[in-house]
Each structure stands twice: as C-alpha cells, then as structure tokens.
Amino acid sequence: MLLALDVGNSNTVVGVYDGEDLVRHWRLKTDVDRTSDEFVLALAGFLDFAGIDLLTDVDGLVAGSVVPTVTEVVREMAARHLPFAPVVVEPGVRTGISLRHDQPQDIGADRIVNAVAAHARYDTAAVVVDFGTATSFDVVSADGAFVGGAIAPGVHVSAEALVQRAARLPKVATVAPPSPIGRSTVTALQAGIVYGFAGQVDGIVRRILTELGGEVATIATGGAAPAVLSACETIDTYDPWLTLEGLRLIWHRNP
C-alpha cells in the first residue's frame, strides 16, 4: 500500500492507495509545531482505525508539501520510524511533465502535482482550479506541460478576514443562499462569498480559455470547492482527489 500526503497550508490530506485504488482518506490539520514522533503517531492512528498497519502493510510514502517546515518533519519521520525513504515532490524528482515557467523553482508542489494528474486523467489541455487556502488556477498544455496560471485568496481565508475586520458581521456557513439578493445580513454575506468567488473563478477561467483556444478541460479540486461550485459556470468536472492521484503517479515514476 502507498501512503500519500498532500500538505497544504491549512490541512494535510492523507490518502492510502492499494494499487490504483484510493481506499482510505483523511484530513489532518497542518501544524508546523507537530514533531515527527507526533506525526507518525497521528498517521498510525488513522491507519489503525482502518485496519491497516503502518509498518507491515504500507510499503511507500509520497509527499507534496507547500509548508517547508512540515516537509522536513516528513523526512525526519520517515528516517526515524519507517523502513523506506519518502518520495518528496521537489526539484530533481521525475514528474513526467515539463515546466514552461519563468521561475520553475518557485512553483508550489501542489500545482505541479495537479498538472501531472490532470494530464494523465484527462489527456487534453486543462485548467485546474484548486480551492484551498489560496485558490490556484493551474494551466496544463495539450502536450502535458505546466505553463502557469493564477493565484487568488482562498474562499475561507477571505471570508474569515472580512469577519475579523468588520465588528458587526457574523461568521456564516459558506453555502449558497436562496437568492443572490440577500434579505438578511447572513444571506447577504453568503451571496457575496458564494457568488463573488464563483464570479472570480468564471472570470479568470474564461480569460484563460480565450488565450488557450481549442479543447480544454476545466477541473475543480480542493476542500473549499463544494462551497461555490454550484454557482460556477465554467467548471466541467469536480475531482476531489486529483492531487492525491498526482502524488500516486509521481511515486510510480520514481522507483
């Protein structure tokens, strides 16, 4: 079995693959103060809950991380507690795609992993919209190159910042209200968040599609996606485990 870690700024998604099948997945808060011993205990606890033994049933670990401190914790955890070395998505790791980017060393691991999965799974030019702490737009060419994109503030981060800076605005559930015309403060906030971010996504995606031309798949992923997807007009597919699939593919390309 393969253990895949998608380490984001807010959460870490943990996936377990049996061959090509994602058989278990969990979400763990990303904590830069968590030690390698604490991390391995957390992972072992998740796996034990599913009847999987970390030391005897798992034979590989792949990690993509945008948090350098946690990246080093993953390395230390593997060195101290696991009988195999991890594959970490970083310069020098074989991904199977090229990077047509002015500063390839600055590209987040999650964006590269999304491009790998999108090209393998959809086999066409693609725009991946990843709804996380930030909302990233990752553009993949028809021949499987990462060519750039856009990065915007994330849905939940923006909503929390608004509530923190406005004394009389309450925290609300990020769900679509009955109408874009809010008839209470709560529904007005929900309308602004949901339709505002949907409009942002549609506006950026349409501009990217105009520049790319031809057939392009538009794919959404990330934990915050369900909050606004119902209001988006430009997204073809919701693929919640796209990033984990990219990690699995990269692990197989680095035996």
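Up top you'll find the structure we're talking about.
Nothing here was measured: the structure is a model prediction, and the numbers come from that model.

Undergrad: Give a detailed account of the sheet that holds strand E3 (residues 21–29), specifying residues and quantitative values.
TA: Strand pairing within a sheet occurs via backbone hydrogen bonds; the two strands may be parallel or antiparallel. The mixed open sheet is built from five strands, whose spatial order is E3-E2-E1-E4-E5. Edge positions in the sheet fall to E3 and strand E5 (87–88), since each has one partner strand and no second. As paired strands, strand E1 (residues 2–7) and strand E4 (residues 60–65) are joined by six bridges and run parallel to one another. Note on E4: the bridge partner recorded for aspartate 6 is glycine 64. Here helix H1 (residues 36–49) sits on the sheet and contacts E1, strand E2 (11–18) and E3; the angle it forms with E3, its principal contact strand, is near 135°. Of the strands in this sheet, E1, E2, E3, E4 and E5 touch helix H7 (residues 242–252), which is tilted by about 125° from E1.

Undergrad: Provide a residue-level description of the pattern of salt bridges, including the pertinent values.
TA: Once their charged atoms are close, side chains differing in charge can pair, the charge on each being opposite to the other. Counted under the stated rule, the structure contains nine salt bridges. Each of Arg121, Asp239, Glu245 and Arg248 takes part in salt bridges that share partners, so that together they form one network.

Undergrad: Before we move on, could you go through the nonpolar core and cite the residues and values that matter?
TA: With 28 residues, the main nonpolar core has Ile219, Leu247 and Ile250 as its most contacted residues. Here the element with the most residues in this core is helix H3 (residues 109–122); it accounts for seven residues. Apart from residues no more than four positions distant in its own chain, leucine 247 is found in contact with Ala4, Leu5, Asp6, Val62, Ala63, Gly64, Val89 and Val113. Of all hydrophobic cores here, the second largest spans 27 residues; its members include Phe137, Ala224, Ala231 and Cys232.

Undergrad: Let's hear about the environment of leucine 82: which residues, and what values?
TA: As for its placement among the helices and strands, leucine 82 is situated in the loop between helix H2 (68–81) and E5. Judged by its relative accessible area of 11%, leucine 82 is buried. If we skip the residues at most four places from it in the chain, leucine 82 touches Leu54, Leu55, Leu61 and Met77.

Reading the values: rules and limits
Once a new chain begins, its residue numbering starts again from 1 and follows that chain's sequence as written. Owing to the predicted nature of the model, reporting of local features is limited to residues with pLDDT of at least 70; listing and counting of side-chain atom pairs is limited to 80 or more, with chain, interface and lining totals taken over all residues. Calculated side-chain values reflect all of the structure's heavy atoms, with hydrogen atoms and water omitted. Any two strands between which DSSP finds at least two bridges are classified as paired. Only runs of H or I of at least four residues qualify as helices and only runs of E of at least two qualify as strands under DSSP, and these elements are numbered from the N terminus. Should any heavy atoms of two residues lie within 4.5 Å, those residues are considered in contact. Every axis in this analysis is a line fitted to C-alpha atoms, fitted for helices over the stretch in contact. Angles between the N-to-C directions lie between 0 and 180 degrees. Criterion for a salt bridge: a side-chain nitrogen of Lys or Arg within 4 Å of a carboxyl oxygen of Asp or Glu. Among buried residues, those of type Ala, Val, Leu, Ile, Met, Phe, Trp, Tyr and Cys that are joined through side-chain atoms within 4.5 Å constitute a nonpolar core. Burial status follows relative accessibility: with a 1.4 Å probe on protein chains alone, a residue under 20% of its type maximum counts as buried, one over 50% as exposed, and anything between as partly exposed.

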